[in-house]
Structure formats: structure tokens, C-alpha cells
Amino acid sequence: MPQVIKVKTGNKFEEHGSYSRVVAVDNMIFVSNTAGRNPATKLIPEDLTEQTNQVLDNLASALKSVDAGLGDVVSARVFVQFPEDVETVMTAYGHRMRGINPTLTMTCPPLGSTQYKVEIDVVAIRGVSQAEVKELHISL
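Note that the coordinates shown come from a computational prediction; the quantities given were computed from them, not determined experimentally.

So, how was this worked out
Residues numbered from 1 in each chain as written. Predicted model: local features only at pLDDT ≥ 70, side-chain atom pairs only at ≥ 80, totals over all residues. Heavy atoms only, no water. Helix = DSSP H or I, 4+ residues; strand = E, 2+ residues; numbered from the N terminus. Contact = heavy atoms within 4.5 Å. Expected span 1.5 Å × (residues − 1). Buried < 20%, exposed > 50% of the residue type's maximum accessible area, 1.4 Å probe, protein only. Salt bridge = Lys/Arg side-chain N within 4 Å of Asp/Glu carboxyl O. Axes fitted to C-alpha atoms, helices over the stretch in contact; angles between N-to-C directions. Parallel < 35°, antiparallel > 145°, perpendicular 65-115°, else oblique. Left-handed = near helix turned anticlockwise from the far one by under 90°. Nonpolar A, V, L, I, M, F, W, Y, C, P; charged D, E, K, R; others polar.

> What should I look at first to understand the environment of valine 89 in this one?
Relative to the assigned elements, valine 89 resides in helix H3 (residues 86–97). Along the backbone, valine 89 and phenylalanine 79 are 10 residues apart, and their C-alpha atoms lie at a distance of 9.5 Å. Setting aside residues up to four positions removed in sequence, valine 89 forms contacts with Leu48, Thr52, Val78, Val80, Met106 and Val118.

> Could you clarify how one ought to interpret H3 in this entry?
Given 3.6 residues to a turn, an α-helix orients residues that are three or four positions apart in the same direction. When the terminal C-alpha atoms of H3 are compared, their 16 Å separation across 12 residues agrees well with the 16 Å that a helix rising 1.5 Å per residue should span. Taken residue by residue, H3 has Val89, Ala92, Tyr93, Gly94 and Met97 as its buried positions. Looking at the buried side of H3, the elements it contacts are helix H2 (48–64), strand S4 (73–80), strand S5 (103–107) and strand S6 (118–125). After H3 finishes, the residue glycine 99 shows a positive phi value of roughly 90°.

> Can you help me understand the pattern of salt bridges in this one?
A side chain of one charge can pair with a side chain of the opposite charge if their charged atoms are brought near each other. Across all of its chains, the model carries four salt bridges by this definition. Here glutamate 46 ties to lysine 117 by a salt bridge, and the two come within 3.2 Å at their closest N and O atoms. Linking glutamate 46 in the loop between strand S3 (28–34) and H2 with lysine 117 in the loop between S5 and S6, this pair joins segments that are 71 residues apart in sequence. Its relative accessible area of 60% is what places glutamate 46 among the exposed residues. Put simply, arginine 96 and aspartate 57 hold a salt bridge, and the shortest N to O gap is 2.9 Å. Note that arginine 96 is positioned in helix H3 and aspartate 57 in helix H2, a separation of 39 residues in sequence. Classification of aspartate 57 as partly exposed rests on a relative accessible area of 34%.

> Would you take a moment to explain the packing of H2 against H3 for this structure?
The angle between the axes and the distance between the axes are what describe a pair of packed helices. Direction vectors running N to C along H2 and H3 enclose 40°, while the axes themselves pass 9 Å from each other. Here H2 is positioned oblique relative to H3, judged by the angle of their axes. Taken as a pair, H2 and H3 cross one another with a handedness that is right-handed. Each of Leu48, Thr49, Thr52, Asn53, Leu56 and Asp57 in H2 lies in contact with H3, whose residues at this interface are Thr88, Val89, Ala92, Tyr93, Arg96 and Met97. Of the residues belonging to the contact of H2 with H3, the class tally is six nonpolar, four polar and two charged.

Now the structure itself:
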């Protein structure tokens, strides 16, 4: 029988939409789409780089709640509100995720509010950050 942990943050939308911020099934961890609201101040940075870093900080905190970290991320989906912001988001994301190199989907759908310039969801596997990695280079 797998061990399942569901993490809630108390956000009213989790109850309203009947979802968890994090679901861990054994070592596989799924983190819901996460915005850049600072949990202490409740503010969303206006600056796009700061907002992207806040999203990644929020994801790191969510992963920490189940004994994992950004280094354990194997797949990420980045949702950017405005196509002209992709380069800035990619730069900030790349700076934080360099060396981790998960799969990445970056797309530009409308988000829940224009305040949210970027949102990210991830899949992680606890312990991957400690694994030996073999990197292959192929032509597509």
C-alpha cells in the first residue's frame, strides 16, 4: 500500500476547489500551480524577476514540507501571462534551476489574474537530488 501525504496551506481556494497544494505518493511529489504571492506579506511582487523567484521560493517551501527540495524536481510547467515576458521568466527560472535541468514546458495561457505574471507547477521525486546523473546529448 503506498504512503500518501496531502499538504494544505489554508488557502481558501484549496477548500473551495477541493485540492491540495502538495500530494506525495511514496517518493513521487506533485505540487499544484503556484503563484508568486509572498506568504508573509500577502503581496505579489510587481517586478517579474522578483515574482518568478517568489514562485520558486514558494515551491521550495512546499517541497520542504515533504522532505524534498528544488533539486528533486524532474518536470516543470511554467505559465507566463504575457508572451513578451517569456525571456525574463526564462532567465530567472534558468538561474535558479541551473544544474537541476528538469523537463520544462513554458506556455502563455491567460492566468487567474493579471497580477499573476507567472505560475509554475512541478513534479519531483524525493531523493533525485542525491542520485548519480548520466547526461546524454542527442539530435532531434
